[in-house]
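Letter by letter, the chains look like this.
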Amino acid sequence: MADSAQAQKLVYLVTGGCGFLGEHVVRMLLQQEPRLCELRIFDLHLDPWLEELKTGPVQVTAIQGDVTQAHEVAAAVAGAHVVIHTAGLVDVFGRASPETIHEVNVQGTQNVIEACVQSGTRFLVYTSSMEVVGPNVKGQPFYRGNENTPYEAAHRHPYPCSKALAERLVLEANGRKVRGGLPLVTCALRPTGIYGEGHQIMRDFYHQGLRLGGRLFRAIPASVEHGRVYVGNVAWMHVLVARELEHRAALMGGQVYFCYDNSPYKSYEDFNMEFLGPCGLRLVGARPLLPYWLLVLLAALNALLQWLLRPLLLYAPLLNPYTLAVANTTFTVSTDKAQRHFGYEPLFSWEESRTRTIRWVQAMEGSAQ
Ligand SMILES: NC(=O)C1=CN([C@@H]2O[C@H](COP(=O)(O)OP(=O)(O)OC[C@H]3O[C@@H](n4cnc5c(N)ncnc54)[C@H](O)[C@@H]3O)[C@@H](O)[C@H]2O)C=CC1
Ligand SMILES: CC(C)CCC[C@@H](C)[C@H]1CC[C@H]2[C@@H]3[C@H](O)CC4=CC(=O)CC[C@]4(C)[C@H]3CC[C@]12C
């Protein structure tokens, strides 16, 4: 792939390239991959910002398509050297049916793998998730664990189930012969909770805080640590992996890597306040305002209401039994596997990640400042 004749001629495909993470991967590739000659962006919905990318030296091809449609995926993959598969249905709120989540996340991933095999594309990077590991249904803590930490990964919710199945498909496909006879090289990246510019849930919390007169009310004990990673560093990791898979296929093929950086270990809410605080919001309470049993009851009530109202309207609040369990279970990562295997160092320091995220929140309409 990298011989001198082809040095500047790489074709990359990013599925889900218009999503929160996908957009950062796309922009990072354009900045950091000098060998790129064409960047294909495949997504169900194409965003207007793609237009501004089309004026640069790299050919940017926007492809409106659905990963569940094998023929659309095959057409997009044909001739690509590397596929970064970030497209997915990220739904832990019950907006989509379990069948749809499975179809997009599992069948969609299978379609991407088959398209690589059929078209002779050798390098596939899959965006997996920490959710593949946990938190599990028993709520057992995963405290600063790494890729080898033993943990009982038991899931019931459709989203982690689908991510775990899809990740397995990707890893099992490593070594399959692609068209032309060479082996497919795959690996999976497992981000913890991603934050940064474009993060929808952060936006939701910000607007909720504004509605509540600049206050948010603590729901989860400050002692519960939740792993977070800056979107720019997750994107950078994808770009590095995509680049290094070719040179270190024997080491990296079939491997999983947690995505990490120097973001501090904090509870989900305290971490959000790192950005929302400087934008004028305040977190009320050193301890949760409501007892945990009441939150469990409210979450169950929300699930019941969702089910009852489904024929009439979509009721999908942030709080449900699953999100409560995830938010209330310690899950943090401490690893250097990505550094050891492909030389990853975070591109953005914590200070820079924080500043960029704060600036983005401040720029939102209706800033509390
Ligand atoms: N947001 C987070 O904290 C984390 C996300 N992830 C994973 O990262 C990936 C990206 O997630 P986000 O950017 O947060 O989500 P997102 O919803 O912002 O982006 C997903 C993109 O995939 C596209 N997509 C959905 N269904 C599709 C289909 N059938 N065909 C083609 N495109 C489709 C969407 O239009 C969207 O642009 C996902 O695979 C997710 O599982 C993993 C860990 C944490
Ligand atoms: C009011 C509640 C008590 C708090 C609600 C917060 C939740 C909405 C979020 C807490 C943890 C989040 C998840 C976590 O960061 C891991 C994830 C990984 C993914 O791959 C997809 C997103 C998510 C499941 C993320 C979703 C929101 C939370 C559950």
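Under an unreviewed UniProt entry, the name given to the chain is 3 beta-hydroxysteroid dehydrogenase type 7, and the organism recorded is Camelus ferus. According to its UniProt record, the chain has this under Subcellular location (unreviewed entry): "Endoplasmic reticulum membrane". As stated in UniProt under Sequence similarities (unreviewed entry), the record for the chain gives "Belongs to the 3-beta-HSD family."

Participant: Can you help me understand the site of ligand 2 in this one?
Facilitator: Around ligand 2, a shell composed of 16 residues is seen, among which Ser-129, Glu-131, Tyr-159, Gly-193 and His-226 lie nearest. Measuring from an oxygen atom of ligand 2, one finds a side-chain N or O atom of Ser-129 at 2.7 Å. One nitrogen or oxygen atom from the side chain of Tyr-159 is found 2.6 Å from an oxygen atom belonging to ligand 2. Burial of ligand 2 by the protein amounts to 89% of the accessible area it has alone, namely 610 Å². Its residues placed into classes, the shell around ligand 2 shows eleven nonpolar, four polar and one charged.

Participant: Before we go on, may I ask you to explain the site of ligand 1 in this structure?
Facilitator: Taken together, 25 residues are adjacent to ligand 1, and Leu-21, Asp-43, Asp-66, Tyr-159 and Lys-163 come closest. In this structure, Asp-43 approaches ligand 1 through a side-chain N or O atom, which is 2.6 Å from an oxygen atom. At a separation of 3.3 Å, a nitrogen atom of ligand 1 approaches a polar backbone atom of Leu-44. Out of a free accessible area of 820 Å², ligand 1 has 85% covered by protein chains. For the shell around ligand 1, the secondary structure elements donating two or more residues are helix H1 (20-32), helix H5 (158-173) and strand E8 (193-195). Within the shell around ligand 1, the residues separate by chemical class into eleven nonpolar, eleven polar and three charged.

Participant: Sorry, what's going on with the packing of aromatic side chains here?
Facilitator: The description of an aromatic ring pair uses the distance of the two centres, along with the angle that the planes make with each other. The final tally for this structure, using the stated rule, is 15 aromatic pairs. The interplanar angle of 70 degrees and the centroid separation of 4.8 Å between the aromatic rings of Tyr-195 and Phe-271 together place this pair among those described as edge-to-face. Taken together, the residues Tyr-195 in strand E8 and Phe-271 in helix H9 (residues 268-276) connect sequence positions 76 residues apart. Using a relative accessible area of 0% as the deciding quantity, one classes Phe-271 as buried. Among the aromatic residues, ring-to-ring pairing joins Tyr-195, Tyr-230, Phe-271, Phe-275, Phe-348 and Trp-350 into one connected group. The ring of Tyr-265 is capped by Arg-144, whose NZ or CZ atom sits 3.9 Å from the centre of that ring. Directly above the ring of Tyr-257 sits Lys-337, whose terminal nitrogen or CZ lies 4.9 Å from the centroid.

Participant: How do you make sense of the UniProt feature "domain: 3-beta hydroxysteroid dehydrogenase/isomerase" (unreviewed entry) in the chain when you look at a structure like this?
Facilitator: Here the UniProt-annotated "domain: 3-beta hydroxysteroid dehydrogenase/isomerase" (unreviewed entry) positions come out as residues 13-283. Here residues 13-283 is 38% helix and 20% strand, with 41 Å between the C-alpha atoms at its ends.

Participant: I would appreciate a short explanation of a nonpolar patch on the surface in the present structure.
Facilitator: Together, Leu-212, Phe-217, Leu-289, Leu-290, Leu-298, Leu-301, Leu-304, Leu-305, Trp-307 and Leu-308 make up a nonpolar patch on the protein surface, roughly 890 Å² of accessible area in all. Top contributing element to the nonpolar patch by residue count: helix H10 (residues 292-309), with six residues. For Leu-212, the position within the fold is in the loop between helix H6 (200-211) and strand E9 (215-217). Leu-212 gets classed as partly exposed once you look at its relative accessible area, which sits at 34%.

Participant: What exactly am I supposed to notice about the sheet that holds strand E4 (residues 82-85) here?
Facilitator: Think of a sheet as strands paired side by side through backbone hydrogen bonds, with each pair either parallel or antiparallel. If you walk across this open sheet you meet the seven strands as E3-E2-E1-E4-E5-E7-E11, and the pairing is parallel. Both edges of this open sheet fall to strand E3 (59-64) and strand E11 (255-259), since each of them pairs with a single strand only. The sheet shows a mean angle of 20 degrees between the axes of neighbouring strands, taken without regard to direction. Sheet topology note: the E4/strand E5 (residues 123-127) ladder contains four bridges and is parallel. By the bridge assignment for E5, Val-82 is matched with Phe-123. Relative to strand E2 (residues 36-43), H1 is tilted by about 170 degrees, and along the sheet it contacts strand E1 (10-15), E2, E3, E4 and E5. This element, helix H7 (residues 231-244), spans E1, E4, E5, strand E7 (185-191) and E11 of the sheet and lies at about 165 degrees to E7.

Participant: I keep staring at the pairing of E5 and nothing clicks. Help me out?
Facilitator: A regular strand places its side chains on the two faces of the sheet in alternate fashion. Most of E5 sits out of view: five of its five residues are buried. Neither face of E5 is exposed, since Phe-123, Val-125 and Thr-127 on one face and Leu-124 and Tyr-126 on the opposite face are all buried. In this fold, E4 hands off to helix H4 (residues 98-119), which returns the chain to E5; that crossover is right-handed. Relative to E7, E5 is paired through five bridges, and the arrangement is parallel.

Participant: Looking at this structure, I do not really get the environment of Pro-288. What am I missing?
Facilitator: By the element assignment, Pro-288 lies in the loop between strand E12 (282-284) and H10. In sequence terms Pro-288 and Val-224 are 64 residues apart; their C-alpha atoms lie 12 Å from each other. Discounting residues that sit within four places of it in the chain, Pro-288 has contacts with Arg-218, Ala-219, Ile-220 and Pro-221.

Participant: Honestly, the nonpolar core in this entry has me stumped. Any pointers?
Facilitator: Nonpolar side chains in soluble globular proteins generally cluster together in the buried interior. Grouped together as the largest cluster of nonpolar side chains are 63 residues, with contacts concentrated most on Tyr-12, Leu-29, Leu-39, Ile-84, Leu-276, Phe-342 and Val-361. Membership of the second largest hydrophobic core comes to 25 residues, among which are Ile-113, Cys-116, Ala-166 and Val-170.

Participant: Sorry if this is basic, but what is going on with the side chain of Lys-337 here?
Facilitator: Residue position: Lys-337 is located in helix H12 (residues 337-342). Buried charged residue Lys-337 carries no salt bridge. Nearest counter-charge: Glu-147, at 5.5 Å. Sequence-distant contacts of Lys-337, defined by excluding residues within four places in its chain, comprise Glu-147, Gln-255, Val-256, Tyr-257 and Tyr-260.

Quick notes on the rules
- For every chain, the first residue of the written sequence is number 1, and numbering continues from 1 onward in sequence order.
- As a convention, the first chain written is A and the first ligand written is 1, with the rest following in written order.
- Since the coordinates come from a predicted model, pLDDT governs what is reported: local features require at least 70, and pairs of side-chain atoms require 80 or more to be given and counted, while whole-chain, interface and lining totals use all residues.
- The side-chain numbers reported here are obtained from all heavy atoms of the structure, hydrogens and water having been left aside.
- UniProt positions are given in the numbering used here, feature names are shortened, and annotations may be inferred rather than shown by experiment.
- Near is defined per residue: the residue qualifies when any heavy atom it owns lies within 4 Å of the molecule or strand.
- In protein, a polar contact requires one atom able to donate a hydrogen and another able to accept it; more generally it is a pair of N or O atoms within 3.5 Å, and residues adjacent in sequence count only if both atoms are side-chain atoms.
- All accessible-area figures derive from a Shrake-Rupley calculation using a 1.4 Å probe, and residue coverage is judged against the displayed protein chains alone.
- Polar here means any residue outside two lists: the nonpolar Ala, Val, Leu, Ile, Met, Phe, Trp, Tyr, Cys and Pro, and the charged Asp, Glu, Lys and Arg; Gly therefore counts as polar.
- Strands are runs of DSSP state E lasting at least two residues, helices are runs of H or I lasting at least four, and both sets are numbered from the N terminus onward.
- Think of it this way: a Phe, Tyr or Trp ring, Trp meaning its six-membered ring, pairs with another when their centres are within 6.5 Å, and the plane angle makes it stacked under 30 degrees, edge-to-face over 60, tilted otherwise.
- A 1.4 Å probe rolled over the protein chains alone gives each residue an accessible area, and that area as a share of the maximum for its type sets the label: buried under 20%, exposed over 50%, partly exposed in between.
- Counted as over-ring charges are cases with an Arg CZ or a Lys NZ within 6 Å of the ring centre that also lie within 35 degrees of the ring normal.
- Each patch groups residues whose relative accessible area exceeds 30% and which form no salt bridge, using 9 Å between like charges and 5 Å between nonpolar side chains of Val, Leu, Ile, Met, Phe, Trp and Tyr.
- A pairing counts as a salt bridge when a side-chain nitrogen of Lys or Arg comes within 4 Å of a carboxyl oxygen of Asp or Glu.
- Only strands that DSSP links by at least two bridges are regarded as paired with each other.
- Axes, fitted as lines to C-alpha atoms, cover a helix only where it is in contact. Angles between the N-to-C directions of the axes lie from 0 to 180 degrees.
- We call two residues in contact whenever any of their non-hydrogen atoms come within 4.5 Å of each other.
- Orienting the strands away from the viewer, one traces the path from the first strand over the helix to the second; a clockwise path indicates a right-handed crossover.
- Side-chain atoms within 4.5 Å are what join buried Ala, Val, Leu, Ile, Met, Phe, Trp, Tyr and Cys residues into a set we call a nonpolar core.
- Think of it this way: Lys and Arg go in the positive column, Asp and Glu in the negative one, and His and the chain ends go nowhere.

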